[in-house]
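Architecture at a glance
The chain contents come next:
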Amino acid sequence: ALGVQSAAALHGSMDVVAFAFEPGNLASMRSAVHSARDTGRRVIVFSGSDVDLFDFIEAAEPEGIVGSEGYALVDINAVHNVGSSESAAQNARPELQEAVRRVLPGSLVMGYTTLRSDEAQGDAFERQWGQLSREELVGDPTMGKYVAAMTE
């Protein structure tokens, strides 16, 4: 979400509003999804684990904000970390596998990686990434016009 918010602020091309959720808490996810839906934004940026992505899909699909015409889902890292949307579906709880298969194809999946194949440099990047604060990752949640960012 930080990258989307930073780019929006830098270029003035769009405003972003963030909705936090508590990882592993479906009620918290439902609350964030309802808030995102109520903004009327059509681009949803999700940043969290694959398990949280499954909760997001469970909460968001019935609300019509994913897997629906006129909406776009951007996933940061969750699907990238498991390899593909089908891998994600296979990792989902059995009752969510079909929903994951409906929602993820056609979504934009982004992930970070280092340009170096050197393991030590990759480890250093992971350490630095892991030391970023929530505020550095999420950015300013007071902006808002087009994009709803779902973040842990």
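Residues numbered from 1 in each chain as written. Predicted model: local features only at pLDDT ≥ 70, side-chain atom pairs only at ≥ 80, totals over all residues. Heavy atoms only, no water.

1. Focus on the packing of aromatic side chains
The final tally for this structure, using the stated rule, is two aromatic pairs. Arranged with centres 5.6 Å apart and planes meeting at 10 degrees, the rings of Phe21 and Phe46 form a pair that is stacked. With Phe21 in the loop between β1 (16–20) and α2 (26–39) and Phe46 in strand β2 (residues 43–47), this residue pair connects regions lying 25 residues apart in the sequence. Here Phe21 matches Phe46 in class, with each residue buried. Here Phe46 and Phe56 contribute two aromatic rings whose centre-to-centre distance is 5.1 Å and whose plane-to-plane angle is 35 degrees, an arrangement assigned as tilted. (Phe/Tyr/Trp six-rings, centres within 6.5 Å; stacked < 30°, edge-to-face > 60°. Helix = DSSP H or I, 4+ residues; strand = E, 2+ residues; numbered from the N terminus. Buried < 20%, exposed > 50% of the residue type's maximum accessible area, 1.4 Å probe, protein only.)

2. Thoughts on the packing of α2 against helix α3 (residues 50–60)
Orientation of α2 relative to α3, taken along the N-to-C sense of each, is 55 degrees, at an axis distance of 9 Å. Here α2 lies oblique to α3, going by the angle between them. Crossing angle aside, the handedness with which α2 passes α3 is right-handed. Counting all contacts with α2, which are made through Leu26, Met29, Arg30 and Val33, the residues of α3 involved are Asp52, Asp55, Phe56, Glu58, Ala59 and Ala60. Here the contact of α2 with α3 is built from residues that sort into six nonpolar, no polar and four charged. (Axes fitted to C-alpha atoms, helices over the stretch in contact; angles between N-to-C directions. Parallel < 35°, antiparallel > 145°, perpendicular 65-115°, else oblique. Left-handed = near helix turned anticlockwise from the far one by under 90°. Contact = heavy atoms within 4.5 Å. Nonpolar A, V, L, I, M, F, W, Y, C, P; charged D, E, K, R; others polar.)

3. Concerning the pattern of salt bridges
This structure, assessed with the given rule, holds nine salt bridges. Glu63 is the partner of Arg37 in a salt bridge, and the nearest nitrogen-oxygen pair spans 2.2 Å. With Arg37 in helix α2 and Glu63 in the loop between α3 and β3 (72–76), this pair connects stretches of sequence that are 26 residues apart. The class for Glu63 is partly exposed, based on a relative accessible area of 25%. As a salt-bridge pair, Glu58 and Arg93 come within 2.4 Å of each other at their nearest N and O atoms. A residue pair is termed long-range when its members are at least 10 positions apart, and Glu58 in helix α3 and Arg93 in the loop between α5 (85–91) and α6 (97–103) qualify at 35 residues. Here the salt bridges do not stand alone but share partners, grouping Arg30, Asp55, Glu58, Arg93 and Glu95 into one network. (Salt bridge = Lys/Arg side-chain N within 4 Å of Asp/Glu carboxyl O.)

4. Points about the nonpolar core
Counting 28 residues, the largest nonpolar core has Leu53, Phe56, Ile57, Leu73, Val100 and Leu104 as the members making the most contacts within it. When contributions to this core are tallied by element, the ones reaching two or more residues are β1, α2, β2, α3, α4 (78–82), α5 and α6. Element by element, the count of residues in this core is highest for α3, at six residues. Discounting chain neighbours no more than four positions away, the residues touching Ile57 are Pro62, Ala99, Val100, Val103 and Leu104. (Core = buried A, V, L, I, M, F, W, Y, C linked by side-chain atoms within 4.5 Å.)

5. Examining the pairing of β3
The buried fraction of β3 is high, at four of five residues. In this sheet, β3 lies alongside β2 in parallel orientation, the contact comprising five bridges. Looking across to β3, one finds that Val43 is bridged to Ala72. Considered for its hand, the β-α-β crossover made up of β2, α3 and β3 is right-handed. In this sheet, strand β4 (residues 108–110) lies alongside β3 in parallel orientation, the contact comprising three bridges. Bridge assignment links Ile76 to a residue of β4, and that residue is Met110. (Pairing = 2+ DSSP bridges. Right-handed = clockwise from strand over helix to strand, strands pointing away.)

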